[in-house]
Amino acid sequence: MIRIGNRSVGDGRPAYIIAEIGINHNGSRDLARRMIERAAAAGCDAVKFQKRTPELCVPVDQWHLERDTPWGRMTYIEYRHRVELTLADYEYIDRLCKGLGIAWFASCWDEAAVDFIEQFDTPLYKAASASLTDIPLLEVMKRTGKPLMISTGMSTMEEIDGAVSAIGRQGLLIAHSTSTYPCPVQELNLRMLHTLRSRFPGVPIGYSGHETGLATTWAAVAMGATFIERHITLDRAMWGTDQAASVEVGGLARLISNIRDIEKALGDGVKRVYESEMGPR
């Protein structure tokens, strides 16, 4: 069991629901605001962003490659800066989330990004699947003393074992994931939830999904996922690499409402005769 803010996460507790805004805001504070407000209204526990220092995350040989964007043709390094939110934006997000009673945090892709997010009182950190083998980065996040969630897409079991061995299990959460956007259902491999639970007893195991639709996320909850992360968007047709693998905010409330119904329906496994059955009995 791990404490995230005012919520306990682990077996026997309601799934912790994370709406991954990521970079679906396309650098717009207003788009971020609208998604935060909808996520809070839907009943999410937290929203998550992605924080990068472009000069550290983009290989130098890709800096000056040009690409077409909604803001015109620009170099890749210019684009990466264009979709990064500013300090003022995050200060606004921090105030907004506190006012709405929803937590926020970020997956940090480099050590400077951790220093940036440390200016705020976020309840945990997330390491993206791409960062699973960046042990120095994982260690920097772990040293903040906050819980650390690692994601396991495009990783071997040996790489997962290596990350867990390096940073330890204290305050650790592990998300099963497949890093395909959107992911075909035959590659979701939800039984990995059971594999990870068996391999890392006591560590909360959750699911970070990139599929289209909701049914497989509900299945993950029924299989014991202690937290759920899904990308959200205002419109799946919007420009951006993650939009097509996201849940539109209109469906977010249904996703969460049905998750809560599934949790109630699972019960405790103890056979009993309910009062409502007495008449038929």
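A quick note: this is a predicted structure, and the numbers were derived from the prediction, not measured.

1. Looking at the overall build of the protein chain
Point 1. In terms of helices and strands, the protein chain carries 10 helices and 13 strands.
Point 2. Whereas a compact globule of 281 residues would reach a radius of gyration of roughly 19 Å, the protein chain reaches 19 Å, a difference of no more than 12%.
Point 3. For the protein chain, the C-alpha atoms occupy an extent of roughly 75 × 40 × 40 Å along the three principal directions.
Point 4. Every one of the 281 residues in the protein chain was classed for burial, and the buried ones make up 51%.
Point 5. Just so you have it, the protein chain exposes about 12,900 Å², and 50% of that area is on carbon and sulfur atoms.

2. Looking at the packing of helix H6 (residues 135-142) against helix H7 (residues 157-167)
Point 1. Packing of H6 against H7 leaves a shortest axis separation of 10 Å and a crossing angle of 40°. With respect to each other, H6 and H7 are oriented oblique. For the pair H6 and H7, the crossing hand works out as right-handed. Counted together, Ile135, Leu138, Glu139 and Lys142 of H6 and Gly162, Ala163, Ala166 and Ile167 of H7 form the full contact between these two elements.
Point 2. Looking at the contact of H6 with H7 residue by residue, the class counts come to five nonpolar, one polar and two charged.

3. A closer look at the pairing of strand E4 (residues 46-51)
Point 1. When you tally the buried positions in E4, you get six out of six residues, the bulk of the element.
Point 2. Here E4 shows no split at all, with Ala46, Lys48 and Gln50 on one side and Val47, Phe49 and Lys51 on the other all buried.
Point 3. Pairing of strand E3 (residues 16-22) with E4, which is carried by four bridges, proceeds in the parallel orientation. Opposite Gly22, over in E4, you have Phe49 as the bridge partner.

4. Concerning the packing of aromatic side chains
Point 1. As enumerated under the stated definition, the model contains eight aromatic pairs in all.
Point 2. Judged by centre distance (5.8 Å) and plane angle (25°), the rings of Tyr76 and Tyr79 are stacked. Of this pair, Tyr76 and Tyr79 both sit in helix H3 (residues 76-82), three residues apart, which is roughly one turn of the helix.
Point 3. Both rings, one in Tyr90 and one in Phe120, keep their centres 6.5 Å apart while their planes meet at 45°; by these two values the pair is tilted.

5. Describing the side chain of Ser129
Point 1. Among the structural elements, Ser129 can be located in the loop between strand E8 (125-127) and H6.
Point 2. Within the structure, the side chain of Ser129 is placed 3.3 Å from the side chain of Ser151, a separation counted as a polar contact.
Point 3. If near-sequence neighbours (up to four positions away) are discounted, Ser129 is found in contact with Ser151, Thr152, Gly153, Met154, Ser155, Ser177 and Ser179.

6. Section: the pattern of salt bridges
Point 1. The tally for this structure, following the rule as stated, stands at 17 salt bridges.
Point 2. The salt bridge involving Glu84 is made with Lys51; its shortest N-O contact spans 3.4 Å. Remark: Lys51 occurs in strand E4 and Glu84 occurs in the loop between H3 and helix H4 (87-100); sequence separation between them is 33 residues.
Point 3. Here Arg260 ties to Glu263 by a salt bridge, and the two come within 3.0 Å at their closest N and O atoms. Separated by three residues within a single helix, Arg260 and Glu263 lie in helix H10 (residues 249-266), roughly one turn from each other.
Point 4. Judged by relative accessible area, Arg260 falls into the partly exposed class, the value being 22%.
Point 5. A relative accessible area of 22% places Glu263 in the partly exposed class.
Point 6. Through salt bridges with shared partners, one network takes in Arg7, Asp45, Arg260 and Glu263.

7. Considering unusual backbone geometry
Trans peptide bonds make up the majority, and among non-glycine residues the majority have a negative phi.
Point 1. With an omega of -10°, the peptide bond between Tyr181 and Pro182 qualifies as cis.
Point 2. Tracing the chain through its elements places Pro182 in the loop between strand E10 (172-177) and helix H8 (192-199).
Point 3. The backbone phi angle of Asn189 is positive, close to 50°, even though this residue is not glycine.
Point 4. Following the sequence through the fold, Asn189 ends up in the loop between E10 and H8.
Point 5. When its relative accessible area of 46% is taken as the criterion, Asn189 is described as partly exposed.

8. A look at H4
Point 1. Along its 14 residues, H4 runs 20 Å from first to last C-alpha, staying within 8% of the 20 Å computed at 1.5 Å per residue.
Point 2. Looking only at H4, the buried set comprises Asp89, Tyr90, Ile93, Asp94, Leu96 and Cys97.
Point 3. Buried-residue contacts for H4 involve helix H1 (29-42), E4, strand E7 (103-108) and helix H5 (111-117).
Point 4. In the segment just after H4, Gly101 is the residue with positive phi, at about 75°.

9. Description of the nonpolar core
Point 1. Membership of the largest hydrophobic core comes to 66 residues, with the highest contact counts inside it found for Ile36, Val47, Phe49, Trp104, Met141, Ile150 and Ile174.
Point 2. Counting residues per element, this core draws most heavily on H1, which supplies six residues.
Point 3. In contact with Val47, not counting residues within four places along its chain, are Ala19, Ile21, Ile36, Ala39, Cys97, Ile102, Ala103, Trp104 and Phe105.
Point 4. Tyr16, Leu124, Leu173 and Ala175 belong to the second largest nonpolar core, which has 12 residues in total.

About the criteria used
Residues numbered from 1 in each chain as written. Predicted model: local features only at pLDDT ≥ 70, side-chain atom pairs only at ≥ 80, totals over all residues. Heavy atoms only, no water. Helix = DSSP H or I, 4+ residues; strand = E, 2+ residues; numbered from the N terminus. Rg over C-alpha atoms; globule rule 2.2 N^0.38 Å. Buried < 20%, exposed > 50% of the residue type's maximum accessible area, 1.4 Å probe, protein only. Areas by Shrake-Rupley, 256 points an atom, 1.4 Å probe, with all protein chains shown as cover. Axes fitted to C-alpha atoms, helices over the stretch in contact; angles between N-to-C directions. Parallel < 35°, antiparallel > 145°, perpendicular 65-115°, else oblique. Left-handed = near helix turned anticlockwise from the far one by under 90°. Contact = heavy atoms within 4.5 Å. Nonpolar A, V, L, I, M, F, W, Y, C, P; charged D, E, K, R; others polar. Pairing = 2+ DSSP bridges. Phe/Tyr/Trp six-rings, centres within 6.5 Å; stacked < 30°, edge-to-face > 60°. Polar contact = N/O pair within 3.5 Å; in protein donor to acceptor, adjacent residues only side chain to side chain. Salt bridge = Lys/Arg side-chain N within 4 Å of Asp/Glu carboxyl O. Expected span 1.5 Å × (residues − 1). Core = buried A, V, L, I, M, F, W, Y, C linked by side-chain atoms within 4.5 Å.

Nothing here speaks to function; it is geometry throughout.
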